[in-house]
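Close look at the chain arrangement
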Amino acid sequence: MKDMIVITNPFAIKNETAILHALLEEGLALLHIRKPDFSKLEMAKYIHQIKLEFRANLVLHHYHELAEDLGITKIHFSEKERKNTQDFSSGFSKSYTYKSTSTHSIEDFNSLENDFNYAFLSPVFKSISKENYQPETNLFEALKLRTNYQTKVIALGGIDAENIKKTLENGFDNAALLGTIWNNENPLKQFKLCQQIVLSHLQSQV
């Protein structure tokens, strides 16, 4: 899976929309819109600020009911949402082409139904964006117990240009970037650096 993933900062960033457009124009394939404190109206306004041509790149974390009206076909389910929905697959609208979710253990990842294109497995390293959020288990070791190959496994948590190659070499299909982008004074430069490392790694595997 060569599609690069970036998750929005939960809080507002200066010039955020301009940065998002720059990332998408640079080839960002999947932008996860995660704004947990937004109201439904704030979420709709935020998405309306992003150019229509990039709707296919957006993945919606909250207010899934907005997706159809906004032309978004990719949605993400938190671990809690996934586990609290009784009949999970019946809740899927046919208009969703891509579905992802979050997991925090290899057992949880392995037990996923085939409904999901990919799942985050976290935290891999000490988080850049969340204080005191670090791995309790070595996920590189845990990945050796992987039995689910229907769902792509995406590394999340503390991923940056220094460790993204190691992450891919140790069994992850790709990585999602959050803190390394938004805590950097030049988010675009940092994204391009990580993107280049991923592409070089994938080319070396061919």
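Up top is the structure.
Notes on the structure in this doc start here. Just so we're clear, the structure is a prediction, and the values are computed from it rather than from any experiment.

Topic: the nonpolar core
Ranked by internal contacts, the top residues of the largest apolar core, which has 61 residues, are Val6, Leu31, Ile50, Phe172 and Leu177. Ignoring any residue separated from it by four or fewer positions in sequence, one finds Phe172 in contact with Leu121, Val124, Leu139, Phe140, Leu143, Val153, Ile154, Ala155 and Thr167.

Quick word on the layout of surface pockets
Space inside the largest pocket adds up to approximately 600 Å³. Along the wall of the largest pocket there are 31 residues; nearest its centre are Ile7, Arg34, Lys130, Leu156 and Leu178. When contributions to the lining of the largest pocket are tallied by element, the ones reaching two or more residues are helix H4 (79–84), strand E5 (98–103), strand E8 (174–177) and helix H8 (179–182). Considering only residue class, the lining of the largest pocket consists of 11 nonpolar, 16 polar and four charged.

Regarding the side chain of Asn163
Here Asn163 shows up in the loop between strand E7 (152–155) and helix H7 (164–169). What Asn163 contacts, discounting residues up to four positions off in sequence, is Phe125 and Gly158.

Rules and cut-offs
Sequence order as written defines residue numbering, which begins from 1 separately in each chain. The predicted nature of this model means local features are confined to residues of pLDDT at least 70 and side-chain atom pairs, given and counted, to a pLDDT of 80 or more, with totals for whole chains, interfaces and linings taken over all residues. Each side-chain value is worked out from all heavy atoms of the structure, with water and hydrogens disregarded. Here, nonpolar core refers to any group of buried Ala, Val, Leu, Ile, Met, Phe, Trp, Tyr and Cys residues whose side-chain atoms link them within 4.5 Å. Accessible area is worked out with a 1.4 Å probe on protein chains only. A residue is then buried under 20% of its type maximum, exposed over 50%, and partly exposed in between. Contact definition: two residues touch when any of their heavy atoms are within 4.5 Å. Points on a 1 Å grid, built from protein atoms alone, make a cavity when a 1.4 Å probe fits but cannot get out and make a pocket when they are open with protein on both sides within 12 Å along at least 5 of 7 lines; residues with an atom within 4 Å of a point are the lining residues. Grid points are joined across faces, edges and corners, and a volume is the space filled by probe spheres set on the points. Helix and strand labels come from DSSP, where a helix needs a run of H or I of at least four residues and a strand needs a run of E of at least two; each type is numbered from the N terminus. Ten residue types, Ala, Val, Leu, Ile, Met, Phe, Trp, Tyr, Cys and Pro, are classed as nonpolar, four, Asp, Glu, Lys and Arg, as charged, and the remainder, Gly among them, as polar.

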